[in-house]
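Summary of the model geometry
Spelled out from the first residue to the last, the chains are:
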Amino acid sequence: MTDHDDIDMLAAEYVLGTLDAEERAEVARRRRHDADLDARILAWEARLAPLGDEVETIAPGPDLLARIERRIDELETTSRTNSKPEDDTDDTDDTDGTAQVIALRRRLGFWRGCAGLATAAALILAVVLIAPFDDTPDAPPFVAVFQQDDQQPAFMLSVDLDSRRLNVRPVTAKPLPDRSYQLWIKADALGPKPRSVGVLNDDLSLPADALSNYDSELLKRATFGISIEPPGGSPTGQPTGSAIHGYLYPTDRDAVSQHL
Amino acid sequence: MHLGDTSPTPPTPSDHLHNLLRRVAQHDRRAFAQLYASTSAKLYGTVLRILRERGRADDVVQEVYVTIWQKAAQFDTGRASPIAWMAAIARHAAIDELRRQPRAPHEPEEALAHTPADAPSAREHLEHEQDAKRLHACLEALEAERRDMVRLAYLDGWSRTDLATHFEQPVNTVKTWLHRALKQLKGCLAP
């Protein structure tokens, strides 16, 4: 038997399901780096797939979808503070007081389905989109959209990771009498609590160098939020109004143009 | 559930699922709920047949849909139909779970009883009818025991050891038979 035969039979038995737990784990690991094995597995999946037509369809219990959605919520919430999707070593607790960390990976479209989230008076959602900046000079910078309700973006934040300069622009947000807006950053490297980036000026701008103390790797993994505070900013050094933080994550430019 | 739709007019069930998957890749929760509605009975049936316990099937199907949510962007149209891609995730998850914790001894007659002996007319989708016919013709060409082995493994999650016990053969013999059966199938299906 040749090596090719061996590999092909390994792929076939993996798909058929007859390998033991260790062998299965080994094949699952190996296929990630072994294109030949992966291709053989996919070929076997295709060959045997019609057998699956024989399976009787059975409706799951009525609450399973809700369970799945809760699980996805949990994962997306915790993954926001992990530096990388596969890095599970840092399990920072997200439930720090007023600041609720929400998975910003879920884009604008998702928020439209979540009326309940828009009820808190001071709620501002930050949806952060990140676009490839370094390899294409004319690509848009990293962009965050802060939504005050489900309808319109309240603010947009763009960050040029090379120069670490930021630009906050109000979209529908208006200056509030006796209230200030405050921008926050949260990242594993900064500890569990958000840090103030700055209190927005009366024209709702911020100095472009407000993020210059943070390195670009940190910024890429950071979450941002905007909260509504007493004039001059939070007296406690932490958000006192509800702030929802978003996580920067890579996306394609299509998504940016589609959603902005 | 569009899979049972007998009308072949566009959009095909596969297009429908493909659109949903594309939207799920964009983290569209509404599309995800629709995808679940369209596919969960198929995936649940697949997993439950292997695990035979609703509690375990619930847990596995939950993780399967989380995986689909996370990996929708990796779905490659060129390599599989949407339902085949999802069913493969479900089967692997169910078999992994079964290998981690095998269930009580099998009831082989029961397992084979709900395995149709030949191609069922009530197959769900028409798109892969040709492939299905060819596979079933090729399965028919196998010796009966080897055909049963392939079905019991693929559909019911039987391991080599399970098969060895039931067919009263050493595990190595089962492995040899399986390899012969698989090679024969591959040759038979080759264009």
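Computed from a predicted model, the values in this text were never measured in an experiment.

1. What to know about the overall build of chain A
Assigned secondary structure in chain A consists of seven helices and nine strands. Across the 260 residues that make up chain A, the buried fraction comes to 38%. Sequence-distant contacts in chain A: of pairs separated by 6 or more residues, those separated by 24 or more amount to 59%.

2. Some details on the overall build of chain B
For chain B, the helix and strand inventory stands at nine helices and zero strands. Tracing chain B from N to C terminus, the helices and strands come up as α-α-α-α-α-α-α-α-α. Among the 191 residues that make up chain B, the fraction classed as buried is 42%.

3. A short note on the environment of serine 14 of chain B
All names here are of chain B. Structurally, serine 14 can be placed in helix α1 (residues 13-25). Accessibility expressed as a C-beta count within 10 Å gives 19 for serine 14, which makes it partly exposed. Remark: the alpha-carbon pair of serine 14 and proline 82, spanning 68 residues in sequence, is separated by 6.4 Å.

4. Comments concerning the confidence of the model for chain A
Residue-level pLDDT values for chain A average 68, and 62% of them are 70 or greater. Across residues 81-140 of chain A, confidence stays below pLDDT 50; counting only partners more than four residues off in sequence or on other chains, it has 141 contacts.

5. Some remarks on helix α1 (residues 3-16) of chain A
Note: α-helices contain 3.6 residues per turn, so residues at a spacing of three or four share the same orientation. Under the 1.5 Å per step criterion, the end-to-end length of α1 of chain A is 20 Å for 14 residues, consistent within 8% with the ideal 20 Å. In this fold, the buried residues of α1 of chain A make contact with α2 (21-31) and α3 (35-48) of chain A together with α7 (144-156) and α9 (171-189) of chain B. Looking one or two residues beyond α1 of chain A, the residue adopting positive phi is glycine 17 of chain A, at roughly 100°.

6. Brief notes about the interface of chain A and chain B
The interface of chain A with chain B comprises 41 residues on the first partner and 55 residues on the second. Those elements that provide at least two residues to the side of chain A that touches chain B are α1, α2, α3, α4 (64-79) and α5 (108-111) of chain A. Broken down by element, the residue count for the side of chain A that touches chain B peaks at seven residues, all from α4 of chain A. Among the residues making up the side of chain A that touches chain B, the classes are represented as 21 nonpolar, seven polar and 13 charged.

7. Observations regarding the nonpolar core
Core analysis: the largest hydrophobic core is formed by 71 residues, its most contacted members being Val47, Val61 and Ala94 of chain B. In this structure, valine 61 of chain B is in contact with Pro60 and Leu64 of chain A together with Leu43, Tyr44 and Val47 of chain B, ignoring residues within four places of it in sequence.

8. Some remarks on the packing of helix α3 (residues 54-71) of chain B against helix α4 (residues 82-100) of chain B
Residue and element names in this part refer to chain B. Contact geometry of α3 with α4 gives a least axis separation of 9 Å together with a crossing angle of 135°. On the basis of their axis angle, the class for α3 and α4 is oblique. In this structure, α3 crosses over α4, and the sense of that crossing is right-handed. Residues Arg56, Val60, Glu63, Val64, Thr67 and Ile68 of α3 form the contact with α4, whose own contacting residues are Met86, Ile89, Ala90, Ala93, Ala94 and Glu97.

9. As for α4 of chain B
Taking 1.5 Å per residue as the helical rise, α4 of chain B with its 19 residues ought to reach 27 Å, and the 27 Å between its terminal C-alpha atoms agrees with that figure. In terms of residue burial, α4 of chain B counts as a mostly covered element, since 14 of its 19 residues are buried.

10. Focus: the packing of α1 of chain A against α3 of chain A
All names here are of chain A. Across the interface, α1 lies against α3 with an axial gap of 8 Å and an inter-helix angle of 50°. Comparing the axis directions of α1 and α3 gives the class oblique. Note that α1 runs across α3; the crossing there is right-handed. Contacts from Ile7, Asp8, Ala11, Ala12, Tyr14, Val15 and Leu16 of α1 reach α3 at Asp36, Leu37, Arg40, Ile41, Trp44, Glu45 and Leu48.

11. Examining the environment of alanine 90 of chain B
One can find alanine 90 of chain B in helix α4. Measuring from C-alpha to C-alpha, the distance between alanine 90 of chain B and valine 60 of chain B comes to 7.8 Å, with 30 residues separating the pair along the chain.

Calculation rules
Residues numbered from 1 in each chain as written. Chains lettered and ligands numbered in written order. Predicted model: local features only at pLDDT ≥ 70, side-chain atom pairs only at ≥ 80, totals over all residues. Helix = DSSP H or I, 4+ residues; strand = E, 2+ residues; numbered from the N terminus. Buried ≥ 20, exposed ≤ 12 C-beta atoms within 10 Å, placed from the backbone. Contact = placed C-beta atoms within 7 Å. pLDDT = per-residue confidence, 0-100. Expected span 1.5 Å × (residues − 1). Nonpolar A, V, L, I, M, F, W, Y, C, P; charged D, E, K, R; others polar. Core = buried A, V, L, I, M, F, W, Y, C linked by C-beta atoms within 7 Å. Axes fitted to C-alpha atoms, helices over the stretch in contact; angles between N-to-C directions. Parallel < 35°, antiparallel > 145°, perpendicular 65-115°, else oblique. Left-handed = near helix turned anticlockwise from the far one by under 90°.

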